[in-house]
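# Examining the three-dimensional arrangement
Below, each chain spelled out in residue letters.
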Amino acid sequence: MKIIHCADLHLDSKMTTNLSREQARERKKEILRTFTRMVDYAVENEVRVILIAGDLFDTRAVSAMARNVVKDMILGHPEIDFIYLKGNHDSDNFLSKLEAIPENLLMFQDQWTTYRYGRVAITGLEISAETKNTMYNSLVLEHDMFNIVTLHGQLENYKSRDQAEVISLNDLKNKNIDYLALGHVHAMRLERLDGRGMYCYPGCLEGRGFDECGKKGFMLLTIDDEARKADYQFVPIAARTLYTLEVDVSGVMTTQEAMGKIEKAIADADYSSGSLVKLVLVGEVEVESEFNCEYLQELFKDYFYFEKVYDKTKLRLNYSDYEQDASLKGEFIRMVLASNLNEEQKSEVIRCGIMALSGEEI
């Protein structure tokens, strides 16, 4: 038996943080198309269940197009069960707009619910304030089944900006779990739960920001239910990949020199032209160095679908170099170095001041 475990699809995300309005509209459609390509993959590979571990949609305001695409994909593939656990971004908005719940759209509730496929049992629960304290003791699984447990939330030692419920791995150990299918963390993570089972965050299907870099996709489980064993395969499926590329520009004095460093780093990285890339300039540079990030960003804008340049360099500063400097620049640097600003603030103030004294735009 084959099962797809996916999560955090965030369909209908606005995608406006970095992209132009036209690119945001395109990426919004691409994310929806990635969902349909995943279903196509399931059909081609005879997948029996698509298990969605939360955050199918991004907000309550689901567009008619996204709602209809998801509905039509479910109705159009009655041979596949779509088992859907709502996440902290989901609501009843999608379900309430359906004339009838498709027979192959199965849901979890605020109490443990199990769906059986021969000797494979898929169990899940929506964590809430009412269930979070009792859910561990109320989970009872048969020893001789291949048990998949589905939850959406963050682990105890994981920090998140979203209001997601906390999952205790310790309280799920030795519960006859073979595969703990999780959602909420947007990076793929497959690790051992206990002597019997594994736990997995498949990550999101598409990276939406530069905190979601790298390959994105879903987990494919191929289960031998008689032997109670499974093979796990991560399947990348994203239409585009996001990367953060650090470029060491230590010792660089001009924008032209920085351009050469960036060109070499891009060539070595060999990212596809459809990628989204954040170029981060790092290293130590002299006070007198000059490179313009806006100009560099313009130079490389046609290399990728989206590209941005960030300056994270540090100034190489030695107080003794300016102790006897009688120039306005020397006086300015001495004043900043003697201030109560932290080192990062001093560096940025000096950088801006030197640019101003040199007649550069800040």
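Read on for an overview of the structure. (Residues numbered from 1 in each chain as written. Predicted model: local features only at pLDDT ≥ 70, side-chain atom pairs only at ≥ 80, totals over all residues. Heavy atoms only, no water.)

Another point: the overall build of the protein. A tally of helices and strands in the protein yields 8 helices and 19 strands. Seen through its C-alpha atoms, the protein measures out along the principal axes to roughly 85 × 40 × 35 Å. Burial analysis of the protein (362 residues in total) assigns 51% to the buried set. Of the roughly 18,200 Å² of accessible surface on the protein, a fraction of 46% belongs to carbon and sulfur atoms. Distance from the positive charge centre (43 side chains) to the negative charge centre (60 side chains) of the protein: 3 Å. (Helix = DSSP H or I, 4+ residues; strand = E, 2+ residues; numbered from the N terminus. Buried < 20%, exposed > 50% of the residue type's maximum accessible area, 1.4 Å probe, protein only. Areas by Shrake-Rupley, 256 points an atom, 1.4 Å probe, with all protein chains shown as cover. Lys, Arg positive; Asp, Glu negative; His and termini not counted. Charge placed at Lys NZ, Arg CZ, Asp CG, Glu CD.)

Turning next to the pattern of salt bridges. One pass over the structure, following the stated rule, counts 14 salt bridges. A salt bridge links Glu298 to Lys301, with the nearest nitrogen and oxygen atoms 2.8 Å apart. Note on Glu298: relative accessible area 48%, which makes it partly exposed. Across the salt bridge formed by Arg334 and Glu331, the nearest N and O atoms sit 2.9 Å from each other. Of this pair, Arg334 and Glu331 both sit in helix α7 (residues 328-337), 3 residues apart, which is roughly one turn of that helix. (Salt bridge = Lys/Arg side-chain N within 4 Å of Asp/Glu carboxyl O.)

Turning next to the environment of Val43. Counting through the fold element by element, Val43 comes out in helix α1 (residues 21-44). On the basis of relative accessible area, Val43 is assigned to the partly exposed category, the value being 35%. It is 70 Å that separates the C-alpha atoms of Val43 and Gly330, two residues lying 287 residues apart in sequence. Among residues more than four places away in sequence, those in contact with Val43 are His77, Glu79 and Ile80. (Contact = heavy atoms within 4.5 Å.)

Attention now goes to the nonpolar core. Counting residues in hydrophobic clusters, the biggest one holds 42 residues, and the most contacted among them are Ile4, Met38 and Ile50. Listed by contribution, the elements that provide at least two residues to this core are β1 (2-6), α1, β2 (49-53), α2 (64-75), β3 (81-85), α3 (93-96), β4 (105-107) and β13 (217-224). Per-element tally for this core: the top contributor is α1, with 8 residues. Excluding residues that lie within four positions of it along the chain, Met38 makes contacts with Ile4, Cys6, Leu9, Ile50, Leu205, Phe218 and Ile237. (Core = buried A, V, L, I, M, F, W, Y, C linked by side-chain atoms within 4.5 Å.)

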